[in-house]
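Overview (structure and organization)
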Amino acid sequence: MSVTQYLKDKLKRGTVHITLIDPMKQSPEAAGRLALTAQEVGSDLILVAGLSGLSQRNLLETTRAIKEKISIPLVYSPAGAEALCFSFDALFFGSLLNAKNPSYVCGGQAQAAIILKRMELETIPVGYIVVEPGIKVGEAASVDLISRDNYWLAANYAVAAELFGMGYVYFESGLNAAQPIPAGMIRAVKKELLVPLIVGGGIRTAVDARRVRQAGADMVVTGTIIENAGYRERLRSILSALKD
Ligand code: 1GP
């Protein structure tokens, strides 16, 4: 089954949870263990996010170590064409819509497009939109950050992604952001959007997760919480807030 179909089926049953793993934060073996824990507590998909500086070798070893451990889909969200790997189940073929650096909008994607098509890797078109504070991704792509109270601009970007034909819209407030995307912004976006809405960044507790879900997120991404001690229990409580 394609990852697209898997997600469609999951979305019919409720909110989807994605566990984001940054290969630069731990050894490949540790990444494999984290992915297995995420699967055991009920996460639906593992997303490997390659930030700039990721080496080809680290990506390959991390992918292999995770693949050995899990049966849920493993998806890659590359930051550019510098590290690629074809053993993922699919790739988020994303465009960072409010980046001022064009290589994040379509430059990096264009470098890899023909090879991706020839390898017949499933690509899932995602429109990324970064909201304040944006943190690392905001800086790397010199993003024209959407301010946290500009719901109108956020909704316009989201609908622009939909009109471009992107299958998913991903609102990101930044890896390890102090707070998630505001609930009011999620509601404003959701009101206008037909395609599934992914929300990530700064979601650390069950309360955060429930708020984001109730505001209208279809898919919720958490990353940093798995880097700290006690992550299994924290992840479990987030999952119960999303799946109850
Ligand atoms: C996914 O970047 C996020 O969109 C992950 O953010 O590390 O803050 O969970 P956290």
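Look above for the structure.
Structural notes, computed from the coordinates.

What counts and how
Residues numbered from 1 in each chain as written. Predicted model: local features only at pLDDT ≥ 70, side-chain atom pairs only at ≥ 80, totals over all residues. Heavy atoms only, no water. Phe/Tyr/Trp six-rings, centres within 6.5 Å; stacked < 30°, edge-to-face > 60°. Helix = DSSP H or I, 4+ residues; strand = E, 2+ residues; numbered from the N terminus. Buried < 20%, exposed > 50% of the residue type's maximum accessible area, 1.4 Å probe, protein only. Near = heavy atom within 4 Å. Polar contact = N/O pair within 3.5 Å; in protein donor to acceptor, adjacent residues only side chain to side chain. Areas by Shrake-Rupley, 256 points an atom, 1.4 Å probe, with all protein chains shown as cover. Salt bridge = Lys/Arg side-chain N within 4 Å of Asp/Glu carboxyl O. Expected span 1.5 Å × (residues − 1). Arc of directions from axis to C-beta. Contact = heavy atoms within 4.5 Å. Right-handed = clockwise from strand over helix to strand, strands pointing away. Axes fitted to C-alpha atoms, helices over the stretch in contact; angles between N-to-C directions. Parallel < 35°, antiparallel > 145°, perpendicular 65-115°, else oblique. Left-handed = near helix turned anticlockwise from the far one by under 90°. Nonpolar A, V, L, I, M, F, W, Y, C, P; charged D, E, K, R; others polar. Pairing = 2+ DSSP bridges.

Structural notes on the packing of aromatic side chains
Applying the stated rule across the entire model yields two aromatic pairs. Ring geometry for Y76 against F88: centres 4.9 Å apart, planes inclined by 10 degrees, an arrangement best described as stacked. Of the two residues, Y76 sits in strand β3 (residues 74-78) while F88 sits in the loop between β3 and β4 (90-96), which places them 12 residues apart along the sequence. Exposure remark for Y76: the relative accessible area of 1% places this residue in the buried category.

A word on unusual backbone geometry
Excluding glycine, a negative phi dihedral is what most residues carry, and trans is how most peptide bonds are arranged. A cis geometry characterises the amide bond from E132 onward to P133, with omega recorded as 5 degrees. Structurally, P133 can be placed in the loop between β5 (123-130) and α5 (135-140). One non-glycine residue, E120, adopts positive backbone phi at about 55 degrees. If you trace the backbone, E120 turns up in the loop between α4 (102-118) and β5. Take E120: its relative accessible area is 71%, and that puts it in the exposed class.

What to know about the site of the ligand
Surrounding the ligand, one finds 14 residues, the nearest of these being Y170, E172, N176, G202 and T224. In the model, an oxygen atom of the ligand is placed 2.5 Å from a nitrogen or oxygen of the Y170 side chain. When the free accessible area of the ligand is taken as 310 Å², the share hidden by the protein chains comes to 98%. Broken down by secondary-structure element, the contributors of at least two residues to the shell around the ligand are β6 (168-172) and β8 (219-222).

Some details on the pattern of salt bridges
Within this structure, the stated rule accounts for nine salt bridges. Among the ionic pairs, K25 bridges to E227, the shortest N-O distance being 3.2 Å. Of this pair, K25 sits in the loop between β1 (16-21) and α2 (28-41) while E227 sits in the loop between β8 and α9 (231-243), and the two are 202 residues apart along the sequence. Between D89 and K67 there is a salt bridge whose closest N-O contact spans 3.0 Å. Of this pair, D89 sits in the loop between β3 and β4 while K67 sits in helix α3 (residues 56-69), and the two are 22 residues apart along the sequence. Exposure remark for D89: the relative accessible area of 30% places this residue in the partly exposed category. Here the salt bridges share partners, and the residues they tie into one network are K10, D44 and K243.

Some thoughts on α3
Quick reminder: α-helices carry 3.6 residues per turn. Residues three or four places apart thus point the same way. Across its 14 residues, α3 extends 21 Å between first and last C-alpha, which sits within 8% of the 20 Å expected from 1.5 Å per residue. Among all positions in α3, only N58, L59, T62, T63, A65 and I66 are buried. For α3, the arc enclosing every buried residue in end-on projection is 170 degrees, short of the 170-degree limit, so these residues lie on one face. Exposed residues lying more than 90 degrees from the buried face of α3 are R57, R64 and E68. Tucked into the core, α3 has its buried residues touching β1, α2, β2 (45-50) and β3.

Concerning the pairing of β4
Counted residue by residue, β4 has six buried out of seven residues, so it is predominantly covered. Between β4 and its parallel partner β5, the chain crosses via α4, and the hand of that crossover is right-handed.

What about the packing of helix α8 (residues 206-215) against α9?
For the pair α8 and α9, the least separation of the axes is 8 Å and the interaxial angle reads 25 degrees. On the basis of the axis angle, α8 is roughly parallel to α9. When the axes of α8 and α9 are compared, the crossing they make is right-handed. Across from A206, A209, R210 and R213 in α8, the residues of α9 making contact are S237, I238, A241, L242 and K243. Taken together, the residues that form the contact of α8 with α9 break down as five nonpolar, one polar and three charged.

Some words on the pairing of β8
Burial along β8 is two-sided: M219 and V221 and V220 and T222, pointing in opposite directions, are all buried. Bridge count between β1 and β8: four bridges; the pairing is parallel. If you follow T19 over to β8, its bridge partner there is T222. Pairing analysis gives three bridges linking strand β7 (residues 197-200) to β8, with the strands arranged parallel. Bridge pairing in β8 links V199 to V220. On the question of chirality, the crossover connecting β7 to the parallel β8 by way of α8 is right-handed.

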